[in-house]
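The chain contents come next:
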Amino acid sequence: MGNASGVTERNEAAAVRALLIRANARDNVAIVVNEGGLPAGTVLESGLVLREAVPEAHKVALADLEKGAPILRYGTVIGYAEVPLKAGSWVHEQSMRLPAPPKLDELPISTEVPEPLPPLEGCTFEGYVNEDGTVGTKNILGITTTVQCVAATVDYAVRRIKTELLPRYPHVDDVISLTHSYGCGIALDAPGAEIPVRTLRNLSRNPNLGGAPMMVSLGCEKLQPAVLVASPDFPVLDTSANVVRLQDEQHHGFEDMVTAIMRMAEARLVRLNARRRVTRPAADLIVGMQCGGSDAFSGVTANPALGHAADLLVRAGATVIFSEVTEVRDAAAIVTARAANETVAREFIRELAWYDDYLSRGETDRSANPSPGNKKGGLTNIVEKALGATAKAGSTALAGVLGPGERVNRRGLIFAATPAGDFVCGTLQLAAGMNVHVFTTGRGTPYGLAMAPVIKVASRSALAQRWSDLIDVDAGVIATGKASVEEVGEQIFRLILDVASGRKVTCADRWGLHNDLALFNPSPVT
Ligand code: CA
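Definitions and cut-offs
- Residues numbered from 1 in each chain as written.
- Predicted model: local features only at pLDDT ≥ 70, side-chain atom pairs only at ≥ 80, totals over all residues.
- Heavy atoms only, no water.
- Salt bridge = Lys/Arg side-chain N within 4 Å of Asp/Glu carboxyl O.
- Helix = DSSP H or I, 4+ residues; strand = E, 2+ residues; numbered from the N terminus.
- Buried < 20%, exposed > 50% of the residue type's maximum accessible area, 1.4 Å probe, protein only.
- Pairing = 2+ DSSP bridges.
- Axes fitted to C-alpha atoms, helices over the stretch in contact; angles between N-to-C directions.
- Contact = heavy atoms within 4.5 Å.
- Donors = N, O, S within 2.8 Å, 3.2 Å for Na, K, Ca; no water.
- Core = buried A, V, L, I, M, F, W, Y, C linked by side-chain atoms within 4.5 Å.
- Parallel < 35°, antiparallel > 145°, perpendicular 65-115°, else oblique.
- Left-handed = near helix turned anticlockwise from the far one by under 90°.
- Nonpolar A, V, L, I, M, F, W, Y, C, P; charged D, E, K, R; others polar.
- Domains from an automatic or database assignment.

Considering the pattern of salt bridges
- Summed over the entire model, instances satisfying the criterion amount to 25 salt bridges.
- Between Arg-460 and Glu-56 there is a salt bridge, and its shortest N-O distance comes to 3.5 Å. Linking Arg-460 in the loop between β20 (454–458) and α13 (461–466) with Glu-56 in the loop between β2 (29–32) and β3 (59–61), this pair joins segments that are 404 residues apart in sequence.
- On the basis of relative accessible area, Glu-56 is assigned to the buried category, the value being 17%.
- Ionic pairing is found between Arg-198 and Glu-406, a salt bridge with its closest N-O pair at 3.7 Å. Residue Arg-198 is found in helix α3 (residues 194–203), and its partner Glu-406 is found in the loop between β17 (398–402) and β18 (412–416); the two are separated by 208 residues along the sequence.

Some details on the sheet that holds strand β12 (residues 214–217)
- The four strands lie next to each other as β11-β10-β12-β13, forming an open sheet whose pairing is parallel. Of all strands in the sheet, those with a lone pairing partner are β11 (174–178) and β13 (243–245), marking the two edges. Taking each pair of neighbouring strands and ignoring which way they run, the sheet shows an average axis angle of 20°.
- One ladder, built from three bridges, connects β12 with β13; its direction is parallel. In the sheet register, Val-216 faces β13, and the bridge partner there is Val-244.
- Set on the sheet, helix α2 (residues 151–165) makes contact with β10 (140–145), β11 and β12; between it and β11 the angle comes to about 180°.
- The sheet contacts of helix α6 (residues 254–273) involve β10, β11, β12 and β13, and relative to β10 the element is tilted by about 145°.

Considerations on the coordination of the calcium ion
- On the protein side, the calcium ion has Gln-290 (OE1), Cys-291 (O), Glu-324 (OE), Ala-420 (O) and Asp-422 (OD) as donor atoms, found 2.3 to 2.6 Å from it.
- Positions of the donor residues of the calcium ion along the chain correspond to the pattern Q-C-x32-E-x95-A-x1-D. Of this pair, Gln-290 sits in strand β15 (residues 286–291) while Glu-324 sits in the loop between β16 (319–322) and α8 (332–337), and the two are 34 residues apart along the sequence. Neither Gln-290 nor Glu-324 differs from the other in exposure class; each is buried.

Considering the sheet that holds β2
- Taken in spatial order, the four strands line up as β1-β2-β3-β6 in an open sheet, and their pairing is antiparallel. The open sheet has two edge strands with one neighbour each: β1 (20–21) and β6 (90–91).
- Across three bridges, the pairing between β2 and β3 is antiparallel. Following the sheet pairing, Val-29 is matched in β3 by Ala-61.

A closer look at the nonpolar core
- Residues Leu-285 and Ile-492 are the most contacted members of the largest nonpolar core, which totals 58 residues.
- Examining the composition of this core, we find that eight residues originate from one element, helix α14 (residues 485–500), more than from any other.
- When near neighbours in sequence (up to four residues on either side) are disregarded, Ile-492 contacts Ala-305, Leu-306, Ala-309, Val-438, Val-457 and Val-473.
- The next biggest cluster of nonpolar side chains, apart from the first, holds 28 residues, and it includes Tyr-169, Val-216, Leu-246 and Met-264.

Let's talk about the packing of α3 against helix α12 (residues 422–432)
- The interhelical angle for the contact between α3 and α12, taken along N-to-C directions, is 60°, at an axis separation of 7 Å. The orientation of α3 relative to α12 falls into the category oblique. The interaxial crossing formed by α3 with α12 has left-handed handedness. Taken together, the residues of α12 that come into contact with α3 (itself represented by Thr-199, Asn-202 and Leu-203) are Thr-427, Leu-428, Leu-430 and Ala-431.
- Its residues assigned to classes, the contact of α3 with α12 comprises four nonpolar, three polar and no charged.

Some thoughts on the domain arrangement of the protein
- Domain annotation of the protein identifies domain 1 (2–100), domain 2 (134–273) and domain 3 (280–511).
- Computed from C-alpha atoms alone, the centre-to-centre distance between domain 1 and domain 2 is 54 Å.

Observations regarding the pairing of strand β8 (residues 124–129)
- Here β8 runs beside strand β14 (residues 278–281); their pairing, made up of four bridges, is antiparallel. Residue pairing in the sheet places Phe-125 in a bridge with Arg-280 of β14.
- Of the pairings in the sheet, the one linking β8 to strand β9 (residues 135–136) comprises two bridges and is antiparallel in character. Bridge pairing in β9 places Val-129 opposite Val-135.
- Linking β8 to β9, which pair antiparallel, is a turn of five residues; within it Gly-133 sits at a positive phi near 95°.

Here's what the structure looks like:
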C-alpha cells in the first residue's frame, strides 16, 4: 500500500471482517483466524483497533497488560508480559515470559473425577479377530527383526514377497518388516534398556499383525530371539519354528537366506489369507491420538474435536491412548485431577518425574519442545502448546497409565508415556496395541504408518484445502463457524469406524506413505 493514506488504510482494513477466537471467557488474548493475518488498524467487533499487523493464528492482547501481568489463554496462565502490552498489540514470544512448570508434588490428586458418560450402544466395526483376543483393523504379515544387521536382507525379502507371493493372497493387506537400529552394541542390563526391548516385543504383538509371528535373527547379536520374546504375558513362541537365523550353517549364501524367509512367510500368508473381517463392538478399538506440527488453532479446532471423538469412543467401551509427555507436562494438573483414583494419578506423576529426570540428564527441559513451525503457527511456548494438546484427551476419567513400550491392558482413556516426536510416539503407541491412529496437525505433515491406518485432521481449512489429498478431516470449519466441535468430533468418530472396517482408506494409505519405526532408547549404546 505505497500510496495509502490513513483513510484508505482504514478502509482496506475495514473491508476484512476480523475473525478472532477467544478460547475461554477469562482470556485476555484471542487468536486471529483470518487467512494471512490482519493488518494494523483493523477494527475488531468489540471496537478494539489493532495497533500492529498480527499474523494468522497469532495472539492479540484484548486488554492493556502491565509488565509481569499474567497472559491467559484457555482460562489458564500461559505466560507473563515481558513488556507492557497495550490492548490491540501482537503478543509473541519476545513479549512473553514462560511460567515455571507445575510442581509434581503439589498436583491435585483425583479431585475432579468425572462421572462416567452414558454408554454408547451398538457401535461396531468389521475387524480381524486374533487368537489372543485382540482385534485387527488390518490383516498384515509382520516380520520382526532382532538386530539392524538383518534389516537390508529382510527388506529385500519383503520386496520379493510383495511382488512374487502377496498377489496370490488377496485377503492379506500388506507384508512389512519391523526393522530398527537396536539389537547389538547395547547393554541389555542398563537402566532404560527394558524400553526398546519391550517396545520391539510388543510391536510384534500388534493386533494388526494377526498373531502370526515370525522373526529374522542374525545369530551372534546381543538381543537373542529368546530374550526378545521372554515375557510372562507373551504367548509361548516356539522360536525354532518361527525364527530364520541367517548365520545357521544350512544357509549357503544370500539366496538361501532369502528363500528361507520367503518360505516361512508363505506359510503365514496362507493362514492370514483364510481370515475374514467379522462384526465387532467398537470396544475392540485401541485408538492412539497424537499431534504434530501444531499451531494455535490445534487447541481450539482439531484437538477438541478429537477430544469429543475420544469421549464417544470411551462411551462405546473402546481404549483411547494419549501420549507425548512434554506436551502434557504443563497441563499435568488437569490430568491428575481427572485420574480415576490415586494409584492412576501416582503412576502418571511417576512417568512425568522419570521424564523430567531424563531431560535434565540431557541438560534440557520442556521449553525445548516447541519447534520453529509451532512458533510461526502462533504457539508461543510449551504451556500454550500443552493446554491445546491436552484437549485431545476429551473429558472422561483417566483410567490407566503405561510406561514407554508397555501394552494396554484395560479400556477407557489411557496415558501412554512417550516422547512427543511423531515417529517415536507413533512407534510406542503401536507397541501399546494401537489399531487405529488419529493425528492432528496445523502446519501439515504427510506422516503415515505401515502397521495401523493414520487419520489426519487439519486444524485449519486452508491446510485441508491445500493438502486435500493428504488430510482426511478439516477441523478448520470450527474456527470459521461452519461446524461445531461436536459435529467434527462425530465425523472423526464415524471415520474411525469406517477406516477400522476397511470401508474407507486414509490418505496416507492411499499413497503408501509409511514412515519408519523409531525406537525410544534412553539406555547407553556400547
Ligand atoms: Ca507428536
